[in-house]
Structure formats: C-alpha cells, structure tokens
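A look at the structure
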Amino acid sequence: MSNQITKNSISVSKETVRKEGGLVILPLREYEELREKAVPTYYLEGKEAEELDKLVEEGLDDYKKGRCKTIKSLSDLE
C-alpha cells in the first residue's frame with residue numbers, strides 16, 4: 001500500500017481502492033457505534049433467564065469463597 005499522508009490530506013491510490021473493494025471514511029464516534037452494534041444482544045426470558053441468573057450467582061459465590069483459579073488455557077484445568 002503506497003498511501004501518503006500529509007498535514008491536511010490523505011492520498012489513496014486508485015489501485016489500492018480497487019484492490020480493497022472500496023474505501024469508507026467516517027467519524028470515529030460513528031465507527032465505534034457501528035462496531036458495538038455488530039455484536040448481537042440476547043435477551044433471555046423465563047426459565048433460561050432464571051438458569052443464567054443462578055449460574056452467575058454460583059460463580060460469584062465461588063469467586064468470593066476463593067474457589068476460582070486463574071488459568072492460561074483449558075489444559076490447566078486438568
């Protein structure tokens with residue numbers, strides 16, 4: 001990529017735009033909003049929500065009682 005950046009402008013070659021399939025320029029705030037919306041949000045109800053709440057409570061209780069340990073990978077659980 002042979003893009004050049006100067007004080008007040010950015011130059012992008014037509015070849016780069018063609019190769020990459022286009023170019024999008026938008027404000028950082030808008031980019032961050034789009035990025036956050038890309039992750040799906042799930043809302044649980046009824047029995048699923050209750051089971052998850054119970055699992056979280058048990059995990060927090062185990063953590064408070066010191067029953068948790070830090071691992072680097074799943075193989076550390078053996």
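Our subject is the structure that appears above.
Reading the values: the criteria
- Residues numbered from 1 in each chain as written.
- Predicted model: local features only at pLDDT ≥ 70, side-chain atom pairs only at ≥ 80, totals over all residues.
- Heavy atoms only, no water.
- Helix = DSSP H or I, 4+ residues; strand = E, 2+ residues; numbered from the N terminus.
- Rg over C-alpha atoms; globule rule 2.2 N^0.38 Å.
- Buried < 20%, exposed > 50% of the residue type's maximum accessible area, 1.4 Å probe, protein only.
- Areas by Shrake-Rupley, 256 points an atom, 1.4 Å probe, with all protein chains shown as cover.
- Patch = residues over 30% accessible without salt bridge, like charges linked within 9 Å, V, L, I, M, F, W, Y side chains within 5 Å.
- Salt bridge = Lys/Arg side-chain N within 4 Å of Asp/Glu carboxyl O.
- Lys, Arg positive; Asp, Glu negative; His and termini not counted.
- Charge placed at Lys NZ, Arg CZ, Asp CG, Glu CD.

Moving on to the overall build of the protein. Tallying secondary structure elements over the protein gives three helices and two strands in all. For the protein, the α and β elements follow one another from N to C terminus as β-β-α-α-α. For 78 residues, the compact-globule formula gives about 12 Å, and the C-alpha radius of gyration of the protein, at 24 Å, lies well above that figure. Here the C-alpha coordinates of the protein stretch approximately 60 × 35 × 25 Å along the principal axes. Relative to its 78 residues, the protein shows a buried fraction of 3%. Accessible surface, the protein as shown: approximately 8,300 Å² in total, 53% of it carbon and sulfur.

A contiguous nonpolar patch, built from Val24, Leu26, Leu28, Tyr31 and Leu34 and spanning about 500 Å² of accessible area, is present on the exposed surface. If you trace the backbone, Leu28 turns up in helix 2 (residues 28-37). Among the residues examined, Leu28 registers a relative accessible area of 58% and is labelled exposed.

For the rest of this paragraph, the subject is the pattern of salt bridges. In the structure shown here, the tally under the stated rule is two salt bridges. Two residues, Asp62 and Arg67, come together in a salt bridge whose shortest N-O distance is 2.9 Å. Using a relative accessible area of 28% as the deciding quantity, one classes Asp62 as partly exposed.

As a further point, take a negative patch on the surface. There is a patch of like negative charges on the surface, built from Glu48, Glu50, Glu51, Asp53, Glu57 and Glu58. In this fold, Asp53 is placed in helix 3 (residues 46-64). Under the relative-accessibility criterion, Asp53 is labelled partly exposed at 48%.

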